[in-house]
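Survey of secondary and tertiary structure
This is what each chain is made of:
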Amino acid sequence: MLKCRTAWRKLAPLARASSTLCRHNVRRAGQSLVRVPVAHMSIGPSGAGGEKKLYFLLTGAATLCGGVYAYRTVKGDQKRYEERMEELSSRPHKAAEHAVEASPEEAAEPPAAPVVEEVDSTLAYPKVPSHAPYLLIGGARDPGAKVLIVTAEPDLPYMRPPLSKELWFSDDASVTETLRFKQWNGKERSIYFQPPSFYIPAEELESAENGGVAVLTGKKVVHMDVRGNKIKLDDDTEISYDKCLIATGGIPRNLQAIERAGEEVMKRTTLFRKVDDFKSLDKVSRNSKSITIIGGGFLGSELACALGRRSTEADLEVIQMFPEKGNMGKVLPEYLSNWTTEKVKREGVKVISEALVKSVTHKDDKLEIQLKDGRLVTTDHIVAAVGLEPNVDLAKSAGLEVDSDFGGFRVNAELQARSNIWVAGDAACFYDIRLGRRRVEHHDHAVVSGRLAGENMTGANKPYWHQSMFWSDLGPDVGYEAIGIVDSSLPTVGVFAKATAKDTPKAATEKSGTGIRSESETEDTAISPVASSTPAPTVGQHRDNYGKGVIFYLRDKVVVGIILWNVFNRMPIARKIIKDGEEHADLNEVAKLFNIHED
């Protein structure tokens with residue numbers, strides 16, 4: 001990567017040419033330079049791909065006062081990042097008097113995991129700007145890349161994975177207030193991406209000399225005028241924009257049997273998604289005798305294991321039911337799904353498989369779940385973890401297309417829905433140049449797609465080629481990472497080996513320094529990885545103990561998905577295999593690329 005000085009020598013002529021062009025354009029238009037969108041600066045000489053990217057960032061910072069910049073680029077230049085954070089922290093903030101100084105250990109955290117001040121994250125700035133050059137609708141996972149974020153949630157941008165993972169294993173009784181947690185490696189961090197001082201008051205956004213990011217919390221966008229380039233909030237406030245990114249995420253699905261059961265049943269049901277849901281369920285788990293989780297997917301299984309651990313310390317019965325034969329039955333091959341089910345049972349969970357809910361009633365201060373096969377389950381509280389419905393409420397007013405097969409806003413490979421509207425995260429149904437049209441509901445996808453959409457809003461015109469990964473942990477000892485299309489209905493080939501003490505999520509985070517494992521990835525492509533020379537067992541010899549291994553998912557004899565079972569920090573290799581799209585005569589040999597047979 002070019003050093004800043006070298007890059008500037010190469011790009012200075014481009015910047016000067018761009019600056020001259022922009023001044024001419026401004027004189028003709030009679031507008032302030034600050035109001036010129038970055039995309040208009042793409043006219044002029046262009047260099048190689050890497051230089052062109054830096055060119056946009058440099059001219060964006062020089063002429064738009066840093067209104068839009070990629071968060072990853074800021075993190076990549078640590079010195080510049082620290083200077084930026086120092087400048088931000090010196091700003092007056094209404095909540096500064098409540099701030100708690102970070103300990104030296106916290107201050108030593110890498111820029112990827114900044115320390116969050118102990119302040120009320122729900123503070124919202126009262127005044128609303130009338131115009132935002134770049135507008136983000138939804139709580140962003142990558143807040144540094146946007147100018148104005150409008151979110152219906154009361155919280156500043158945060159990461160969702162810890163809500164069903166590490167937060168439940170905290171020994172801190174005040175975890176629901178601090179929302180700080182220890183990762184499996186023992187390091188502490190907050191769920192919030194940035195401290196409140198990182199953001200600027202919304203009323204200062206238009207006049208901010210150095211740009212910045214403002215957040216309007218607790219505000220819902222109810223109407224979008226794409227021709228007039230403006231939105232309307234639920235309080236009738238209107239905001240105009242030049243470019244808009246929709247990142248509205250999704251809404252938890254519910255069972256029809258619960259929805260038609262009445263108010264008393266709904267009051268005793270949690271649809272787990274947000275910070276408030278975590279706080280509510282934590283309180284319920286400390287005051288109930290029985291909790292039933294409906295759903296055997298990622299979220300349901302993670303919550304089952306987390307609550308199961310808690311049940312060993314308290315008088316709490318934890319039940320998990322799902323229509324499949326085993327946990328993660330829609331994702332894992334049957335033999336591994338069965339093994340996972342036994343693992344969940346060992347965590348203190350009563351598992352009821354092949355369970356289809358017929359009705360739910362409230363009786364004698366209890367909930368009775370009637371299954372279609374006649375079984376009856378009595379419980380105090382229900383957690384419905386049965387999937388996510390993409391939030392496309394703005395589709396009608398905005399005239400945006402919703403995909404009939406996958407749901408979500410239909411966008412092209414550049415994540416663009418209209419000429420000045422992009423969509424990222426759970427709500428985007430995009431065209432994958434390798435695997436076809438898809439919609440993905442995972443943290444890594446939300447971060448990477450948000451970053452790419454931000455770049456494309458400035459004229460980058462890059463296709464979304466990145467194969468996003470996701471991960472799930474069943475406690476600190478068993479975890480897996482996956483990429484591509486992982487569907488148990490596809491043919492699979494699994495290669496396994498004996499696990500060691502370092503083959504656990506806890507050991508992986510100790511090595512990488514972060515529990516958000518997508519943060520430990522690099523964008524580097526795995527080129528000609530060195531395969532292990534250790535002999536491998538025959539493919540398909542599945543034993544009862546699946547310590548660690550690789551599961552390949554095939555479509556037309558080509559690998560389209562990979563799960564790394566207790567194998568960590570190997571995702572670039574998996575990404576390359578899927579990107580190549582080749583047939584492999586012996587997947588046992590391919591598995592050697594992951595070095596699973598080495599101690």
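Residues numbered from 1 in each chain as written. Predicted model: local features only at pLDDT ≥ 70, side-chain atom pairs only at ≥ 80, totals over all residues. Heavy atoms only, no water.

An unreviewed UniProt entry lists the protein under the name Apoptosis-inducing factor 1, mitochondrial, with Scophthalmus maximus as the source organism. Under the UniProt heading Catalytic activity (unreviewed entry), the note attached to the protein is "A + NADH + H(+) = AH2 + NAD(+)". Taken verbatim from the UniProt record of the protein, the Cofactor (unreviewed entry) comment is "FAD". (UniProt positions renumbered as here; feature names shortened; annotations may be inferred.)

1. Quick notes on the sheet that holds strand β22 (residues 428-432)
Ordered by their spatial adjacency, three strands build an open sheet running β19-β22-β23, and the pairing between neighbours is mixed. Single-partner strands in this sheet number two, and they are β19 (409-410) and β23 (436-439). Note: β19 against β22, two bridges, orientation parallel. Paired with F409 across the two strands is A428, which belongs to β22. (Pairing = 2+ DSSP bridges. Helix = DSSP H or I, 4+ residues; strand = E, 2+ residues; numbered from the N terminus.)

2. Some thoughts on the pattern of salt bridges
For the structure on display, the rule yields 25 salt bridges. One salt bridge connects E153 with R160, and the closest N-O pair in it is separated by 2.9 Å. In this structure R160 comes out as buried when scored by relative accessible area, which is 17%. (Salt bridge = Lys/Arg side-chain N within 4 Å of Asp/Glu carboxyl O. Buried < 20%, exposed > 50% of the residue type's maximum accessible area, 1.4 Å probe, protein only.)

3. Considerations on the confidence of the model for the protein
Mean pLDDT over the protein: 76, with 70% of residues reaching 70 or higher. In this model residues 121-126 is a low-confidence stretch, pLDDT under 50, and it forms 21 contacts with partners more than four residues away in sequence or in other chains. Predicted confidence is poor over residues 518-543, with pLDDT under 50, and the contacts of this stretch with residues over four places away or in other chains come to 56 contacts. (pLDDT = per-residue confidence, 0-100. Contact = heavy atoms within 4.5 Å.)

4. Focus on helix α11 (residues 334-346)
For α11, built from 13 residues, the straight-helix expectation of 18 Å at 1.5 Å per residue is met to within 8% by its first-to-last C-alpha distance of 19 Å. Every buried residue of α11 is listed here: Y335, L336, S337, W339, T340, T341, K343 and V344. Where α11 is buried, its residues touch α10 (298-311), β12 (317-321), β13 (349-352), β26 (492-497), β27 (548-555) and β28 (558-565). In the segment just after α11, G348 is the residue with positive phi, at about 100°. (Expected span 1.5 Å × (residues − 1).)

5. Points about the sheet that holds strand β17 (residues 381-384)
Strand order in the open sheet formed by five strands is β10-β17-β11-β12-β13, and the pairing between neighbours is parallel. The open sheet is flanked by β10 (269-270) and β13, the only strands paired with a single partner. Where strand β11 (residues 290-294) and β17 come together, four bridges link them in parallel fashion. Within the sheet, the bridge partner assigned to I293 lies in β17 and is V383. Across the face of the sheet, α10 comes into contact with β11, β12, β13 and β17 while running at roughly 160° to β12. (Axes fitted to C-alpha atoms, helices over the stretch in contact; angles between N-to-C directions.)

6. Structural notes on the packing of aromatic side chains
Scanning the entire structure with this criterion turns up ten aromatic pairs. Residues F198 and Y199 carry aromatic rings whose centres are separated by 5.2 Å and whose planes lie at 85° to one another, so their mutual orientation is edge-to-face. As far as burial versus exposure is concerned, F198 and Y199 are alike and both buried. Ring centres of F298 and F470 lie 5.0 Å apart, and the angle between their planes is 75°; this geometry places the pair in the edge-to-face category. Taken as a pair, F298 in helix α10 and F470 in strand β24 (residues 469-473) lie far apart in primary sequence, 172 residues in all. Among the aromatic residues, those joined into a cluster by ring pairs are Y335, F496 and Y546. Over the face of the ring belonging to W339 we find R346, whose NZ or CZ atom lies 5.8 Å from the ring centre. Across the ring face of W465, the terminal group of K579 is positioned such that the distance to the ring centre comes to 5.2 Å. (Phe/Tyr/Trp six-rings, centres within 6.5 Å; stacked < 30°, edge-to-face > 60°. Lys NZ or Arg CZ within 6 Å of the ring centre and 35° of its normal.)

7. Notes on the nonpolar core
The biggest cluster of nonpolar side chains holds 123 residues, and the ones touching the most others in it are I191, M224, I562, W565 and F594. Here this core takes six residues from β28, the largest share from any one element. Apart from residues lying up to four places away in sequence, F594 is in contact with V550, F552, I562, L564, R570, I573, A574 and I577. In this structure, A257, I294, I369 and A384 belong to the second largest nonpolar core, which totals 16 residues. (Core = buried A, V, L, I, M, F, W, Y, C linked by side-chain atoms within 4.5 Å.)

8. A closer look at α10
Its 14 residues place the ends of α10 20 Å apart at the C-alpha level, agreeing with the 20 Å of an ideal helix rising 1.5 Å per residue. Among the 14 residues of α10, eleven are classified as buried, and the element is accordingly described as predominantly covered. Of the residues making up α10, those classed as buried are G300, S301, E302, L303, A304, C305, A306, L307, G308, R310 and S311.

9. Some remarks on the environment of T237
Locating T237 in the fold gives a position in the loop between β7 (230-233) and β8 (238-246). Taking the relative accessible area as the measure of exposure, T237 reaches 24% and is therefore partly exposed. Separated by 109 residues in sequence, T237 and V128 place their C-alpha atoms 8.0 Å apart. Beyond its immediate chain neighbours, meaning those up to four positions away, T237 contacts V128, I231 and K232. Looking at T237, its side chain comes within polar contact range of the side chain of D235, at 2.9 Å. (Polar contact = N/O pair within 3.5 Å; in protein donor to acceptor, adjacent residues only side chain to side chain.)

10. Points about the pairing of β28
The element β28 is extensively covered by neighbouring structure, given that eight of its eight residues are classed as buried. As defined by bridge partners, strand β25 (residues 479-484) adjoins β28 across five bridges and the pair is classed as antiparallel. Across the sheet, the residue bridging to Y480 is W565, located in β28. Sheet analysis places β27 next to β28, joined by seven bridges and oriented antiparallel. When the sheet's bridge partners are listed, F552 is paired in β28 with I562. Here β27 folds back onto β28 in antiparallel fashion, the turn holding two residues, of which D556 has a positive phi close to 55°.

11. Here we look at the pairing of β7
The alternating pattern of β7 places I231 and L233 on a buried face, while none of K230 and K232, on the opposite face, is buried. Relative to β7, strand β6 (residues 221-225) runs antiparallel, the two sharing four bridges. Bridge assignment links D225 to a residue of β7, and that residue is K230. The hairpin turn running from β6 into β7, its antiparallel successor, is four residues long, and N229 in that turn takes a positive phi close to 55°. Pairing geometry for β7 and β8, over three bridges, is antiparallel. Residue I231 lies in a different strand from β8, and its bridge partner there is I239. Connecting the antiparallel pair β7 and β8 is a turn made up of four residues, with D236 showing a positive phi of about 75°.

12. Focus on a nonpolar patch on the surface
Together, Y431, I433 and W465 make up an exposed nonpolar region whose accessible area comes to about 300 Å². In this structure, Y431 sits in strand β22. (Patch = residues over 30% accessible without salt bridge, like charges linked within 9 Å, V, L, I, M, F, W, Y side chains within 5 Å. Areas by Shrake-Rupley, 256 points an atom, 1.4 Å probe, with all protein chains shown as cover.)

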